[in-house]
Amino acid sequence: MHTNFQDLNCWKMCNQLKELIRTEVLPSLPKEERYDLHSQILRSSRSTTANIAEGWGRYHYKENIKFLYISRGSVAEVLDHALEAKQCGYINQELLNSIRSHCEDCIRLINGYISYLKKAL
C-alpha cells in the first residue's frame with residue numbers, strides 16, 4: 001500500500017501535466033485571458049492532483065474512487081482548455097500534442113488505480 005498520495009503513479013503523472021500547463025501554456029496566454037482561460041486551465045490542472053490527494057485521504061475505497069472520477073474529469077477539462085488555446089492561436093500543435101499525450105497517460109493511470117481499488121472492495 002502507498003504511504004503517501006505522492007507515491008501514486010497517477011498523481012505523479014497529473015503533477016507533470018500541471019507543471020506542463022504552468023510552464024508552457026500559462027506564459028503563452030495573453031493578458032486579456034488572465035481571468036478566463038488562464039484561470040480555468042490553471043484550476044482544472046490543479047484539480048487533477050488535488051482530487052487524487054483528497055481521495056487517497058478518505059477512509060473508504062468507494063470515496064476514493066469518487067474523487068478519482070472527479071480527477072479524471074479534470075484531466076479531460078485540461079485537454080478541452082488546451083484545445084481552446086490552440087484554436088485561439090495561443091499554443092502550437094506540438095504543445096497541444098504533448099498535452100494530449102500527458103492527458104491520455106493520466107487517464108490511463110487513473111483508470112488503472114480505479115480498477116485496483118474496485119478489486120479491493
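Higher on the page you've got the structure.
Owing to the predicted nature of the structure, the values given are computational and were not obtained by experimental measurement. (Residues numbered from 1 in each chain as written. Predicted model: local features only at pLDDT ≥ 70, side-chain atom pairs only at ≥ 80, totals over all residues. Heavy atoms only, no water.)

A. Focus on the packing of aromatic side chains. Under the defined criterion, the tally for this structure stands at 3 aromatic pairs. A centroid spacing of 5.6 Å and a plane angle of 70 degrees characterise the contact between Phe5 and Trp11, whose relative ring orientation is edge-to-face. The class of Phe5 is partly exposed, set by a relative accessible area of 24%. Consider the rings of Phe5 and Trp56, whose centres lie 6.2 Å apart with planes at 65 degrees: the pair is edge-to-face. Placement of Phe5 in the segment before helix H1 (9-25) and of Trp56 in helix H2 (residues 37-56) is noted, with a sequence separation of 51 residues between them. These aromatic residues form a ring-pair network of at least three members: Phe5, Trp11 and Trp56. (Phe/Tyr/Trp six-rings, centres within 6.5 Å; stacked < 30°, edge-to-face > 60°. Buried < 20%, exposed > 50% of the residue type's maximum accessible area, 1.4 Å probe, protein only. Helix = DSSP H or I, 4+ residues; strand = E, 2+ residues; numbered from the N terminus.)

B. Representation of the side chain of Ser71 within the structure. Note that Ser71 resides in helix H3 (residues 61-87). Every residue in contact with Ser71, bar those within four places of it in the chain, is listed here: Cys14, Ser47, Thr48, Asn51, Ile52 and Ile110. (Contact = heavy atoms within 4.5 Å.)

C. Structural detail: the environment of Arg100. As for its position among the elements, Arg100 is in helix H4 (residues 93-120). Here Arg100 falls in the partly exposed class, since its relative accessible area comes to 31%. Distance from Arg100 to Val78, taken between C-alpha atoms, is 9.1 Å for residues 22 residues apart in sequence. Residues within four places of Arg100 in sequence aside, it is in contact with Leu79 and Leu83.

D. Examining the environment of His81 more closely. Note that His81 resides in helix H3. For His81, a relative accessible area of 11% corresponds to the buried category. Separated by 61 residues in sequence, His81 and Leu20 place their C-alpha atoms 13 Å apart. Once residues within four sequence positions are removed from consideration, His81 is found in contact with Leu37, Gln40, Ile41 and Ser44.

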